[in-house]
Every structure is written in C-alpha cells, then in structure tokens.
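A look at the structure
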Amino acid sequence: WGFPPSASGGPPGGPAAPPRGSLDAMTSTEPRHAATPWSEAVPAAVSMSVVLWLSAIGAGAAEAFVHLLLPEPPTVAQLATRFGIYAALTLLVLALPTGRNSVRWAVAVLLGGIGTVSLVVEPITWLAAGGSPGLFLLTADAPALVSATLRTAHLVAVLCALVLLFRPAANAWFRRPRQLAQAS
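Structural notes, computed from the coordinates. Small disclaimer: the values here were computed from a predicted structure and weren't measured.

**Observations regarding the pattern of salt bridges**
For the coordinates displayed, the defined rule picks out two salt bridges. Note that Glu63 is salt-bridged to Arg151, the shortest N-O span being 2.7 Å. Of the two residues, Glu63 is situated in helix H2 (residues 44-66) and Arg151 in helix H6 (residues 142-165); the sequence distance between them amounts to 88 residues. Just as Glu63 is buried, Arg151 falls in that class too. The closest approach of N and O atoms between Glu122 and Arg151, which form a salt bridge, is 3.4 Å. With Glu122 in helix H4 (residues 101-128) and Arg151 in helix H6, this residue pair connects regions lying 29 residues apart in the sequence. Given a relative accessible area of 15%, Arg151 falls into the buried group.

Below you can see the structure in the form of structure tokens.
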C-alpha cells in the first residue's frame, strides 16, 4: 500500500488490525502489512512492468497456439522449445521483485532486446519484400489476423514494460543497497 503499518498494526490513521491468529484476523478486510521482501518496497513501475512482461509472454504463447491453425503449423519440437523458453523467461520476470539489478538487465536484454528483434524481423522482412499491410488486412484469414493482433499486443507490452523497468523510481529501487534478511 506504500505506507508502513502504524504502531497498532493497522494502516496509519486507521483502525488497529485484529490480533494475529484470531478469527477476526482471518476474516478481516483490512490490509495486512506483512513484512515480505518486496510487498511494500516495490515501486509501482516495477510491479506494472512485471504484469506487462507476463502479458507479453502470454501473448506469445497464445500466438504459438494460433499458429497451429495456419497452413504451416509449428512442429511439436518447435512448440516445446518455445514453451521451454517462455517458462524460463517467466521465472526470470517473477524474480524482478527481488530487486536484483542483474535480473532487471537480464530481462531487458533477453526480452526487451533479443525478444523484440525476434518479434519484428518477420514483419520487417515481409514489408521489405513488398508486402502490403492493406492487402494483408483484406485477404488474411482469421488465424492470420489473430496472430498479427497478438504479435502487436506482444510488442506493445514489451516496449511498455521495458520503459517502466527504467523509470526513475525503478532505477533508484534497483540501485539501492540491499539489506540481508535477518532471522527472527
């Protein structure tokens, strides 16, 4: 929520939180201010970036399934490779809230750099060979249109996520000195 809990355990200026372990605590709608490694410290830009990276990966996975409906569908090996990559990238994106700058740069290079190139090479090659976007829109079948829409959504999500990952608040958060968690 962005505010540290008050001495009473509830939000600042708000009611005291029910005692832990009580029935009220389990059914309360009051936010809990548990001390987790990232819950309150992660800037909104980083949190939104994670959502957008995961959306981009989801759009890529959906596009892979739509390609099964095209005249030249991907092979099982191609799909397995693609989904293995998506799984690894998902784990990497989910590590962003840990605040490790190396994770941020890995996501930026792998998804924001290499991933973006992989998304735009095919359309750029097609355009350079004389492809007409207008003619494509008039003659494409439904799977091709859905695939193009997913590719566009994928690219927009990647670009927005990349920008958010390097906003000033995100930069400051990733560069902050990290404190080791203390055992209770």
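**Notes on the packing of helix H3 (residues 76-94) against H4**
The contact between H3 and H4 brings their axes to 9 Å, and the two run at 145 degrees. The element H3 and its partner H4 pack so that their crossing is left-handed. Packed against H3, whose contacting residues are Leu89, Leu92 and Val93, the element H4 presents Val103, Ala106, Val107, Leu110 and Leu111 at the interface. Classifying every residue of the contact of H3 with H4 by side-chain character gives eight nonpolar, no polar and no charged.

About the thresholds
- Residues numbered from 1 in each chain as written.
- Predicted model: local features only at pLDDT ≥ 70, side-chain atom pairs only at ≥ 80, totals over all residues.
- Heavy atoms only, no water.
- Salt bridge = Lys/Arg side-chain N within 4 Å of Asp/Glu carboxyl O.
- Helix = DSSP H or I, 4+ residues; strand = E, 2+ residues; numbered from the N terminus.
- Buried < 20%, exposed > 50% of the residue type's maximum accessible area, 1.4 Å probe, protein only.
- Axes fitted to C-alpha atoms, helices over the stretch in contact; angles between N-to-C directions.
- Left-handed = near helix turned anticlockwise from the far one by under 90°.
- Contact = heavy atoms within 4.5 Å.
- Nonpolar A, V, L, I, M, F, W, Y, C, P; charged D, E, K, R; others polar.

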